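Here is how the chains run, residue by residue.
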Amino acid sequence: MTQKLNERIDKIEDTLLNKFPLLDDPQLQLSLLRSTHALPKLVYSIRTCDSDSITSPLQRFDKIQNSALENIVGAAMTPNALTQSTLPVSRGGLGLRSASLHSRAAFLSSLIQ
């Protein structure tokens, strides 16, 4: 499963780091990052895999997402700023979700149905 997850992350990386900058609209890029091209692309994978077995791909995904956000903002972001970006919009964040932080809950939720 790690290989398949890495393939999905490779596709996401290509989209976020190579194709997003072509849009030339930071607001559209952020909206797409939040709603479709970040964690939503991995939800099935993290719901069906034990998070302990896919830790390194999830950390890689989080780094790619952070790099995409830095590209949108146009500057390097501090660790505190990156943490704030994962807060909900209602709490002053950007609404980006960390795959590493959400993977355990997603997997457990798939077991409790």
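Up top you'll find the structure we're talking about.
Basis of the calculations
Residues numbered from 1 in each chain as written. Predicted model: local features only at pLDDT ≥ 70, side-chain atom pairs only at ≥ 80, totals over all residues. Heavy atoms only, no water. Axes fitted to C-alpha atoms, helices over the stretch in contact; angles between N-to-C directions. Helix = DSSP H or I, 4+ residues; strand = E, 2+ residues; numbered from the N terminus. Parallel < 35°, antiparallel > 145°, perpendicular 65-115°, else oblique. Contact = heavy atoms within 4.5 Å. Nonpolar A, V, L, I, M, F, W, Y, C, P; charged D, E, K, R; others polar. Left-handed = near helix turned anticlockwise from the far one by under 90°. Core = buried A, V, L, I, M, F, W, Y, C linked by side-chain atoms within 4.5 Å. Buried < 20%, exposed > 50% of the residue type's maximum accessible area, 1.4 Å probe, protein only. Salt bridge = Lys/Arg side-chain N within 4 Å of Asp/Glu carboxyl O.

Engineer: How would you summarise the packing of helix 4 (residues 55-73) against helix 6 (residues 99-111) if you had to cite specific residues and measurements?
Structural biologist: Helix packing geometry: the angle between the two helix axes and the distance between the axes. At a closest axis distance of 8 Å, the pairing of helix 4 and helix 6 adopts a crossing angle of 135 degrees. As judged from the angle between their axes, helix 4 and helix 6 are oblique. In this structure, helix 4 contributes Leu-58, Gln-59, Phe-61 and Asp-62 to the contact, and helix 6 contributes Ala-99, Ser-100 and Ser-103. For the contact of helix 4 with helix 6, the per-class residue count stands at three nonpolar, three polar and one charged.

Engineer: Let's hear about the packing of helix 2 (residues 26-35) against helix 4: which residues, and what values?
Structural biologist: The N-to-C vectors of helix 2 and helix 4 enclose an angle of 160 degrees; their axes lie 10 Å apart at closest approach. Relative to helix 4, helix 2 is oriented roughly antiparallel. In the crossing of helix 2 with helix 4, the sense of the turn from one axis to the other is left-handed. From helix 2, Pro-26, Gln-29, Leu-30 and Leu-33 reach across to helix 4, where they touch Gln-65, Ala-68, Leu-69 and Ile-72. Here the residues of the contact of helix 2 with helix 4 are counted per class, giving six nonpolar, two polar and no charged.

Engineer: Describe the nonpolar core, and please don't skip the residues or the numbers.
Structural biologist: With 24 residues, the main nonpolar core has Leu-16, Leu-33, Leu-42, Phe-61 and Leu-69 as its most contacted residues. Those elements that place two or more of their residues in this core are helix 1 (2-19), helix 2, helix 4 and helix 6. Top element by residues in this core is helix 4. It accounts for six residues. The contacts of Leu-69, once residues within four sequence positions are left out, are Leu-30, Leu-33, Met-77, Leu-82, Ser-85, Leu-94 and Leu-96.

Engineer: Got a sec to walk through the pattern of salt bridges? Specific residues and values, please.
Structural biologist: Under the defined criterion, the tally for this structure stands at four salt bridges. As a salt-bridge pair, Arg-60 and Glu-13 come within 3.2 Å of each other at their nearest N and O atoms. Of this pair, Arg-60 sits in helix 4 while Glu-13 sits in helix 1, placing them 47 residues apart in sequence. In this structure, Lys-19 and Asp-14 form a salt bridge, with 3.3 Å as the shortest nitrogen-oxygen distance. For Lys-19, a relative accessible area of 45% puts it in the partly exposed group. With a relative accessible area of 30%, Asp-14 lands in the partly exposed category.

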